[in-house]
Amino acid sequence: MNKSLTTLALALLALLLVAAGSGGAAADDPPAKRRHPTYSLLGRDADQIPSDSVLNPNFVVSNAARMAEGSVWRSGYIPERMVGLDVGDLDADGRNEIAFVTLRNVYVYRLDGETYTQLASWKMPDNARPVALDLYDVDGDGRKEIVIAAQNDNTHLANSQILSFDGSKELKVVAGGINWYLRVIGPAGGRVLAAQKPGTSGGEVYGGPVFYASFSGGKISTSSKVDVPSGVNIFNFNVGDIGLDRMRLTSYIKFPTEHLILCEITGEKVWESHDEYGGSINYLNLNSYGDSGRNVEYLPTRLILADIDMDGANELIVAKNSMGGTRLFKNLRSFNAGAVEARKFTNLSLVPFFSNTNLMPGPAVDYQLADFDNNGSLDLVVGILIEPGSGMLEEARSIIFSFKNLYTVEPEAQPASGPQTGAGPAPTGRWRGRAWHSGRFVG
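Residues numbered from 1 in each chain as written. Predicted model: local features only at pLDDT ≥ 70, side-chain atom pairs only at ≥ 80, totals over all residues. Heavy atoms only, no water.

Caption draft 1: Layout of the overall build of the chain. When helices and strands are counted, the chain shows one helix and 30 strands. Counting only residues that meet the buried cut, the chain has 47% of its 443 residues in that class. Excluding contacts between residues fewer than 6 apart, the proportion of contacts in the chain whose partners are at least 24 apart in sequence is 51%. Roughly 20,800 Å² of accessible area belongs to the chain as shown, and the carbon and sulfur atoms make up 52% of that amount. (Helix = DSSP H or I, 4+ residues; strand = E, 2+ residues; numbered from the N terminus. Buried < 20%, exposed > 50% of the residue type's maximum accessible area, 1.4 Å probe, protein only. Contact = heavy atoms within 4.5 Å. Areas by Shrake-Rupley, 256 points an atom, 1.4 Å probe, with all protein chains shown as cover.)

Set out below in structure tokens:
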């Protein structure tokens, strides 16, 4: 009996060995074939690379996506709390610079290839706390100026600044102490300057409507009102054509719900998100906020309208930062992670187009779609807050990420059309690639 059992066991073992030899990994199989199946979720297998994708693979979620070498650039750590940034040609030499403002200083850098050089800086006045930065040619001379919206914390009035870069190491003041909040609005290729007065009484954040503005003689002049719905202010909206139907819509993030809303010029709501968008720790001070006990109004991040995939329709780019604490504290908040998303407007809804989730080591402060490295292709440049800083106990730290060559079309190639407008879910565009830890990519 024992001999029969032994013979049967040996026979079964032989069968298992034969099956393993025919279906298992052979010694000469490539390493990718012997990896754990979940490895393909990172999209690194060479046979999974799509042959027709023109969207930067950092923004595509599928097993056919992978991290392209050199497609993400990052600056060194900035030992200050960044507030805003923008990219544009400041000296009319045909090359773009990046300007960013922290709570203390304004900096101008340029990235040519892999050479990242500081060109100029300027110290913010002690009584001017910046809340936003834009680049705009305010005087029509072909050079973009640095437009900084700021508040005087003592008077609660605006204390905005306009600076210029002339090639010297210190930025020049074109105008300072401007009692208007300033912002550049509109879609890419059609941006205009807008202005709004600060509130004058204790419970007001803003005083009066948003105006189209111009700058001449050292002063801000306003013309007609920007036609926007009730509840829209200088910092929480953008307006322009969106979607293949080119509907002119106002997109805005309303405080304190921080829902993303699309509405027609008439004020009729077209779409509203269920989640919060655009959250930041930038704020305006006010004496009081009615009976709510709130004495600050937090400002959302930038809303960008741009034709990313060159299909003739503008998409909407917006930040989605994850709050690290509770909303119970009305005058205090923090964020521990973030992403920048793009959404397409189709079938009267905003459907996801891409997101750079998991590539950012902190919440987005500000971002811009521009040719950051002067190679002729659009990059998504994101200012990220690593540590907000807490007095003398903790140093603030920020960083700049550039997702390079976001979208490129080869000569005579047809641009992609993006998500289909028919029934069915649109792609979420979440990249599940490498994470950033301790100064390097891992995973």
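And the narrative resumes.
Caption draft 2: Structural context of the pairing of strand β10 (residues 181–185). Across the five residues of β10, five count as buried, placing the element largely inside the fold. Here β10 shows a buried face lined by Tyr181, Arg183 and Ile185 and a second buried face lined by Leu182 and Val184. When β10 meets strand β11 (residues 192–198), the two strands line up antiparallel, connected through five bridges. Within the sheet, the bridge partner assigned to Tyr181 lies in β11 and is Gln196. (Pairing = 2+ DSSP bridges.)

Caption draft 3: Quick peek at the side chain of Lys344. Checked against the element boundaries, Lys344 lands in strand β24 (residues 340–346). Within polar-contact distance, the side chain of Lys344 engages the side chain of Asp309 at 2.8 Å. (Polar contact = N/O pair within 3.5 Å; in protein donor to acceptor, adjacent residues only side chain to side chain.)

Caption draft 4: Region of interest: the sheet that holds strand β4 (residues 105–112). Taking strand neighbours across the sheet as the criterion, the four strands line up as β2-β3-β4-β5 in an open arrangement whose pairing is antiparallel. The strands lining the two open edges of the sheet, one partner per strand, are β2 (82–88) and β5 (115–123). The average undirected angle you get between the axes of adjacent strands in this sheet is 20°. Note that strand β3 (residues 97–102) and β4 share four bridges and pair antiparallel. (Axes fitted to C-alpha atoms, helices over the stretch in contact; angles between N-to-C directions.)

Caption draft 5: Representation of the pairing of strand β7 (residues 145–151). Burial runs high along β7: seven of the seven residues are buried. Going residue by residue along β7, you find Glu145, Val147, Ala149 and Gln151 tucked away on one face and Ile146, Ile148 and Ala150 tucked away on the opposite face as well. In this sheet, β7 lies alongside strand β6 (residues 129–136) in antiparallel orientation, the contact comprising seven bridges. Note that in β7 the partner of Tyr136 across the bridge is Glu145. The sheet contact formed by β7 and strand β8 (residues 160–164) spans three bridges and is antiparallel.

Caption draft 6: Structural detail: the sheet that holds strand β16 (residues 259–264). In spatial order, the strands read β14-β15-β16-β17; together these four strands make up an open sheet with antiparallel pairing. With partners counted over all chains shown, the strands left at the sheet margins are β14 (237–242) and β17 (269–276), one partner each. Within the sheet, the average angular offset between the axes of one strand and its neighbour, ignoring direction, is 20°. Summarising the sheet, β16 and β17 pair through four bridges and their orientation is antiparallel. Residue pairing for β17: His259 is matched across the bridge by Glu276.

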